[in-house]
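# Examination of the molecular architecture
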Amino acid sequence: MAALSDPPPPDSDVRPTLKTIAAATGLAIATVSRALKDAPDIGEDTKRRVRETAALLGYRPNRAGVRLRTGKTNVIALVLSTETDIMNHTSRLIYSIAAALRGTAYHLVVMPFFPDQDPMEPIRYLVETESADGIILNQTKEDDPRIRYMHDHGFPFAAHGRSNMGIDHLYFDFDNESFGRLAARALVERGRKRLFLVAPPRAHMYARHMITGFSDEAALLGVRFEISDRVTSDAGGDPIEAAIAARFAAPDPPDGLLLGSTTAAMAAIAGAERSHLVLGRDFDVVAKEAVPMLRRFRQEILIIREDVGRAGEFLARALVAAIDKRDWAERQGLEVPVRVETGG
C-alpha cells in the first residue's frame with residue numbers, strides 16, 4: 001500500500017477525492033466509493049481502512065456533486081419536539097442515531113419544532129425541499145398526519161413509536177403498556193394502595209399505552225388509582241412539582257407514584273417532600289430512565305430502564321436500508337420491560 005503523506009492544510013486548495021483515497025489504499029475507486037457508502041459486499045476490514053484513510057486525508061464528499069449524481073443529500077433528519085425529556089431520553093436518542101450513522105455516507109441533522117408550531121411544518125419542509133433522504137420522528141399519535149403524509153408521498157421514514165392507522169411502516173417502540181403494568185404491580189407489592197400516574201400528553205400513542213397498562217393492572221389488583229388531569233410528564237419541572245405538592249396537601253393523598261419521564265420523577269419527589277414525607281417510607285416512586293442518573297438523586301426510586309440506544313440504532317439502520325432499497329429483516333422492533341430495579 002502506498003505511504004500516506006501529510007493531509008493538506010485546512011486552507012489548501014487541494015481537495016482530497018475518491019481517487020486520492022484509492023491511490024493511498026491501493027484499492028479501486030469503485031471499491032473506495034462503495035466502502036464509504038457501507039455497501040454490504042465490501043468487507044469490514046476494507047471499510048475500516050478506507051474510512052481511516054479518508055479521515056486522515058481530510059476527505060469530505062462534495063454534497064452538491066453527490067446530489068447532482070445521485071439525487072440524494074446523504075442526510076437523515078431527526079424531527080423532535082422541544083418538550084421532550086432533553087437531559088435523558090432525547091439526548092440518548094440523538095447520540096445513538098448519530099453513532100449508528102457514523103462511518104456511513106449519511107449524516108444526522110436535528111430539526112426541532114416548538115409547542116406553538118404545527119408538527120406538520122418541519123415534515124412538509126423536509127419533503128417538499130428534499131432537504132433530507134429520510135426522516136426519523138417520535139411522539140407518534142394513533143392517527144398521525146405526519147406518518148400519513150410521508151407514506152402518501154413515498155418518502156422514507158422511521159418512527160420511534162407506533163401508530164394505529166393500518167399503515168405498515170418502520171418503527172421501534174418501548175412497550176409502555178407493560179411498563180404501566182409492571183410499575184403498578186411493583187407499587188402494590190410494596191404495600192401501596194393509592195396510586196397516581198403523571199402520564200405523557202394523551203394525544204401521544206405511548207401515553208395511551210401507559211394509561212391502559214397502569215389503570216388495568218391497578219384495577220385488577222384492587223387498589224385505587226388516579227391519573228393526573230393537571231399536568232403531563234412533559235409539562236416541565238416547576239408545574240409538576242407544584243401539582244404534586246398540591247395533591248399531597250389535599251385529603252387522602254396517594255402513596256405510590258408513576259412518572260412518565262425522568263424530569264417528572266425528580267419534580268414529583270420534590271413536590272411530595274414539601275409535605276415532609278419520606279420517599280421509601282411514606283410513598284414510593286416508579287420512574288423510567290434512559291441514562292442512569294436517578295440513583296444520584298434518590299437511592300429509593302424504583303427504576304425501569306428503557307434502552308433508547310437500542311431504539312436509535314435500530315431506527316437509523318432500518319431507515320438507511322430503506323433509503324438504499326436494501327432488504328432489511330426487521331422492520332419493527334419492540335422493547336418489553338420485565339424488571340423493576342430497587343435501590344437503597
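The structure under discussion appears in the preceding block.
Below: a short report on this structure. All values derive from a computational prediction rather than experimental measurement.

In this structure the tally under the stated criterion is 28 salt bridges. One salt bridge in this structure joins Arg194 and Asp255, with 4.0 Å as the shortest N-O distance. Residue Arg194 is located in strand S6 (residues 194-198), and its partner Asp255 is located in the loop between helix H10 (237-249) and strand S8 (256-259); the two are separated by 61 residues in the primary sequence. Judged by relative accessible area, Asp255 falls into the buried class, the value being 7%. For Arg224, the salt bridge goes to Asp252, with nearest N and O atoms at 2.5 Å. Taken together, the positions of Arg224 in strand S7 (residues 224-227) and Asp252 in the loop between H10 and S8 put the pair 28 residues apart, joining distant regions of the chain. Residue classification places Asp252 among the partly exposed positions, given a relative accessible area of 34%. What you see here is one network of salt bridges that share partners, running through Glu177, Arg181, Arg185, Asp216 and Glu217.

At their nearest, the axes of helix H6 (residues 120-129) and helix H7 (residues 145-152) sit 10 Å apart, and the two run at 15° to each other. Between H6 and H7, the crossing angle belongs to the class labelled roughly parallel. Here H6 runs over H7; the crossing is right-handed. Judged by residue contacts, Met120, Ile123, Arg124, Val127 and Glu128 of H6 engage Pro145, Arg146, Tyr149 and Met150 from H7. Partitioned by chemical class, the residues of the contact of H6 with H7 number six nonpolar, no polar and three charged.

Below, the discussion takes up the packing of aromatic side chains. Within the structure shown, the criterion is met by four aromatic pairs. Summarising the aromatic geometry, the rings of Phe172 and Phe314 are spaced 5.2 Å apart at their centres and angled 55° between planes, so their arrangement reads as tilted. One end of the pair, Phe172, is in strand S5 (residues 170-174); the other, Phe314, is in helix H13 (residues 308-323), with 142 residues separating them in the sequence. Judged by relative accessible area, Phe314 falls into the buried class, the value being 13%. Taken together, a centroid distance of 5.7 Å and an interplanar angle of 65° make the contact between Phe248 and Phe283 edge-to-face. Note that Phe248 is positioned in helix H10 and Phe283 in the loop between helix H11 (262-273) and strand S9 (284-289), a separation of 35 residues in sequence. With a relative accessible area of 6%, Phe248 lands in the buried category. Residue classification places Phe283 among the buried positions, given a relative accessible area of 0%. Positioned above the aromatic ring of Phe179 is the side chain of Lys288, whose terminal nitrogen or guanidinium carbon lies 5.1 Å from the ring centre. Positioned above the aromatic ring of Phe297 is the side chain of Arg298, whose terminal nitrogen or guanidinium carbon lies 4.4 Å from the ring centre.

For the rest of this paragraph, the subject is the side chain of Asp234. Relative to the helices and strands, Asp234 is located in the loop between S7 and H10. The buried charged residue Asp234 lacks any salt bridge, with Lys288 as its nearest oppositely charged partner at 9.3 Å. One polar contact links Asp234 to Gln139, side chain to side chain, over a distance of 3.2 Å.

With that settled, the discussion passes to unusual backbone geometry. A positive phi is found at Asp252, a non-glycine position, where the angle reads about 50°. Unusually for a residue other than glycine, Lys325 sits at a positive phi of about 60°. Within the secondary structure, Lys325 is located in the loop between H13 and strand S11 (332-335).

The side chains of a regular strand alternate, first on one face of the sheet and then on the other. Side chains of strand S4 (residues 157-160) alternate between two faces, with Phe157 and Ala159 and Ala158 and His160 buried alike. Pairing of strand S3 (residues 134-138) with S4, which is carried by four bridges, proceeds in the parallel orientation. Bridged to Leu137 within S4 is Ala159. Regarding the hand of the β-α-β motif, the stretch spanning S3, H7 and S4 is right-handed. Relative to S5, S4 runs parallel, the two sharing three bridges. For His160, the partnering residue across the bridge sits in S5 and is Phe172.

Our next topic: the packing of helix H2 (residues 29-36) against helix H3 (residues 44-57). Orientation of H2 relative to H3, taken along the N-to-C sense of each, is 90°, at an axis distance of 9 Å. Taken together, the axes of H2 and H3 are roughly perpendicular relative to one another. Residues Thr31, Val32, Ala35 and Leu36 of H2 touch H3, and the partners they reach there are Thr46, Lys47, Val50, Arg51 and Ala54. For the contact of H2 with H3, a count of residues per class yields five nonpolar, two polar and two charged.

We now examine the environment of Asp238. As for its position among the elements, Asp238 is in helix H10. Taking the C-alpha atoms as reference points, Asp238 and Asp116, 122 residues apart in sequence, are found 20 Å from one another.

Between its first and last C-alpha, helix H8 (residues 176-189) extends 20 Å over 14 residues, near the 20 Å set by a 1.5 Å rise per residue. Those residues of H8 not exposed but buried are Asn176, Phe179, Gly180, Leu182, Ala183, Ala184, Ala186 and Leu187. At its buried positions, H8 is contacted by S5, S6, helix H9 (205-221), S8, S9 and strand S10 (302-305). For H8, the N-terminal cap is Asp175; the gap from its side-chain oxygen to the backbone nitrogen of Glu177 is 3.3 Å.

Quick notes on the rules
- Within every chain, residues take consecutive numbers counted from 1 along the sequence as written.
- Restriction of local features to residues with pLDDT of at least 70 applies here, the model being predicted, together with a cutoff of 80 or more for giving and counting side-chain atom pairs; totals for whole chains, interfaces and linings are based on all residues.
- Here the side-chain values reflect all heavy atoms present in the structure, with hydrogen atoms and water set aside.
- Salt bridge, as applied in this entry: a Lys or Arg side-chain nitrogen positioned within 4 Å of an Asp or Glu carboxyl oxygen.
- Per the convention used, a helix needs a DSSP run of H or I reaching at least four residues, while a strand needs a run of E reaching at least two, with both numbered from the N terminus.
- For every residue, the accessible area (1.4 Å probe, protein chains only) is compared with the maximum for its type, and the residue is labelled buried under 20%, exposed over 50%, or partly exposed between those bounds.
- An axis is simply a line fitted to the C-alpha atoms; with a helix, the fit covers only the stretch in contact. Between two such axes, the angle follows the N-to-C directions and lies from 0 to 180 degrees.
- Small angles under 35 degrees read as roughly parallel and large ones over 145 as roughly antiparallel, with 65 to 115 read as roughly perpendicular and the rest as oblique.
- It is the rotation of the near helix from the far one that decides the hand of a crossing: anticlockwise by less than a right angle makes it left-handed, clockwise makes it right-handed.
- Contacts are assigned to residue pairs with any non-hydrogen atoms lying within 4.5 Å of each other.
- The classification used treats Ala, Val, Leu, Ile, Met, Phe, Trp, Tyr, Cys and Pro as nonpolar, Asp, Glu, Lys and Arg as charged, and all other residues, Gly among them, as polar.
- Each Phe, Tyr or Trp ring (for Trp, its six-membered ring) is paired with any other whose centre lies within 6.5 Å, and the angle between the two planes then decides the class: stacked below 30 degrees, edge-to-face above 60, tilted in between.
- We call a charge positioned above a ring when the Lys NZ or Arg CZ atom is no farther than 6 Å from the ring centre and deviates by at most 35 degrees from the ring normal.
- Just so you know, the count uses Lys and Arg for positive and Asp and Glu for negative, and it drops His and the chain ends.
- Pairs of N or O atoms are called polar contacts if they sit within 3.5 Å, as long as, within protein, a hydrogen donor faces a hydrogen acceptor (for residues adjacent in sequence, only side-chain-to-side-chain pairs).
- Paired strands, in this sense, are two strands between which DSSP finds at least two bridges.
- A right-handed crossover is one whose linking path, passing over the helix from the first strand to the second, runs clockwise when the strands point away from the viewer.
- The span you would expect from a helix comes to 1.5 Å times its residue count less one.

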